[in-house]
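# Per-entry structural report
Here is how the chains run, residue by residue.
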Amino acid sequence: EDKVVQSPLSLVVHEGDTVTLNCSYEVTNFRSLLWYKQEKKAPTFLFMLTSSGIEKKSGRLSSILDKKELFSILNITATQTGDSAIYLCAPSGGSYIPTFGRGTSLIVHP
Amino acid sequence: DVKVTQSSRYLVKRTGEKVFLECVQDMDHENMFWYRQDPGLGLRLIYFSYDVKMKEKGDIPEGYSVSREKKERFSLILESASTNQTSMYLCASSSYEKGNEQYFGPGTRLTVT
């Protein structure tokens, strides 16, 4: 059975702080790992990672995958209140169906 | 832009009613999914479909059925709604050719009283 563990479950920071969100996984025949951001609506896609050690970057957000140690991290630098959301990690294996973690709830105070 | 739409944003039904939730995508994606999302439990897969008329059970199919008569449309059916099916229901679609990134609809918040 595929497993995904995200940590921390929740995080409260102030604007300008840098945060690191963690995702460890056990997936048979790993294909890719997706990160999503969910505000008070449906999840929106952030990154897809397939190769170890290659950083994906979008503005203040970046993510990297370690296929040997079976984890991924999502970094957010200089956080803003608009970053407040639930961040979901979803690796997929041979079936191509993502397994979602429970998410990390991030709250950024002004 | 990929667009996934769901028939209702909010729905209130009574226990025992038959409930239909519809999802339509306009990107010719072969894969479609139904999830429910509950606080503390994350997204849980109910059913998915990888082609017209094909369906597969996800992690929590009990109490639900699905229908996919056309490629763009995937329906979730609650045969006899119960209060424990009160939840946020999210539809998603994806394509193998496009890396299986899932595109989500806006969600339907269903309350069963």
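Anyway, here's the lowdown on the structure attached to this text. Since the structure is predicted, the reported quantities are computational estimates derived from the model, not experimental observations.

Parameters and conventions
Residues numbered from 1 in each chain as written. Chains lettered and ligands numbered in written order. Predicted model: local features only at pLDDT ≥ 70, side-chain atom pairs only at ≥ 80, totals over all residues. Heavy atoms only, no water. Helix = DSSP H or I, 4+ residues; strand = E, 2+ residues; numbered from the N terminus. Rg over C-alpha atoms; globule rule 2.2 N^0.38 Å. Buried < 20%, exposed > 50% of the residue type's maximum accessible area, 1.4 Å probe, protein only. Contact = heavy atoms within 4.5 Å. Areas by Shrake-Rupley, 256 points an atom, 1.4 Å probe, with all protein chains shown as cover. Lys, Arg positive; Asp, Glu negative; His and termini not counted. Charge placed at Lys NZ, Arg CZ, Asp CG, Glu CD. Pairing = 2+ DSSP bridges. Axes fitted to C-alpha atoms, helices over the stretch in contact; angles between N-to-C directions. Salt bridge = Lys/Arg side-chain N within 4 Å of Asp/Glu carboxyl O. Polar contact = N/O pair within 3.5 Å; in protein donor to acceptor, adjacent residues only side chain to side chain. Nonpolar A, V, L, I, M, F, W, Y, C, P; charged D, E, K, R; others polar. Phe/Tyr/Trp six-rings, centres within 6.5 Å; stacked < 30°, edge-to-face > 60°.

### Digging into the overall build of chain A
Along the backbone of chain A there are zero helices and 10 strands. Scanning chain A from its N terminus toward the C terminus, one meets helices and strands in the order β-β-β-β-β-β-β-β-β-β. Taking 2.2 N^0.38 as the reference for a compact globule, 110 residues should give roughly 13 Å; the C-alpha atoms of chain A span a radius of gyration of 13 Å, in line with that estimate. A buried classification covers 44% of the 110 residues belonging to chain A. Contacts in chain A between residues far apart in sequence, at least 24 positions, make up 53% of those at least 6 positions apart. Accessible surface, chain A: about 5,500 Å² in total, of which carbon and sulfur atoms supply 50%. Considering chain A, the positive charge centre built from 11 side chains and the negative charge centre built from 10 side chains are found 5 Å apart.

### Some words on the pairing of strand S8 (residues 71-76) of chain A
Side-chain positions along a regular strand alternate between the two faces of the sheet. All names here are of chain A. Extensive coverage of S8 is indicated by the burial of five of its six residues. Where strand S3 (residues 19-26) lies against S8, six bridges are found, and the strand directions are antiparallel. Residue pairing in the sheet places Val19 in a bridge with Ile76 of S8. As paired strands, strand S7 (residues 61-66) and S8 are joined by six bridges and run antiparallel to one another. Residue pairing in the sheet places Ser62 in a bridge with Asn75 of S8.

### Topic: the sheet that holds strand S5 (residues 44-49) of chain A
Residues and elements named next belong to chain A. Taken in spatial order, the five strands line up as S2-S10-S9-S4-S5 in an open sheet, and their pairing is mixed. Each edge of the open sheet is held by one strand with a lone partner, namely strand S2 (10-14) and S5. Each strand of the sheet is rotated relative to its neighbour by a mean of 20 degrees, with strand direction disregarded.

### Notes on the interface of chain B and chain A
Counting from both sides, the interface comprises 18 residues of chain B and, opposite them, 14 residues of chain A. Our count for the chain B to chain A interface comes out at zero salt bridges. Here chain B and chain A share three residue pairs in polar contact (both at pLDDT 80 or more) between them. Residue assignment for the side of chain B that touches chain A shows that the elements contributing at least two residues are strand S4 (31-38) and strand S5 (42-49) of chain B. Tallied by class, the residues present in the side of chain B that touches chain A amount to 10 nonpolar, seven polar and one charged.

### Thoughts on the packing of aromatic side chains
The way to describe two aromatic rings as a pair is by their centre distance and the angle between their planes. For the structure shown, the criterion picks out 10 aromatic pairs over all chains. Between Phe100 of chain A and Phe104 of chain B the ring centres are 6.0 Å apart and the planes differ by 75 degrees, which places this aromatic pair in the edge-to-face class. Placement of the pair is Phe100 of chain A in the loop between strand S9 (85-92) and strand S10 (104-109) and Phe104 of chain B in strand S10 (residues 103-104), with the two residues belonging to separate chains. Like Phe104 of chain B, Phe100 of chain A is buried. Chaining the aromatic ring pairs together yields one cluster made of Tyr36, Phe45 and Phe100 of chain A together with Phe33, Tyr35, Phe48 and Phe104 of chain B.

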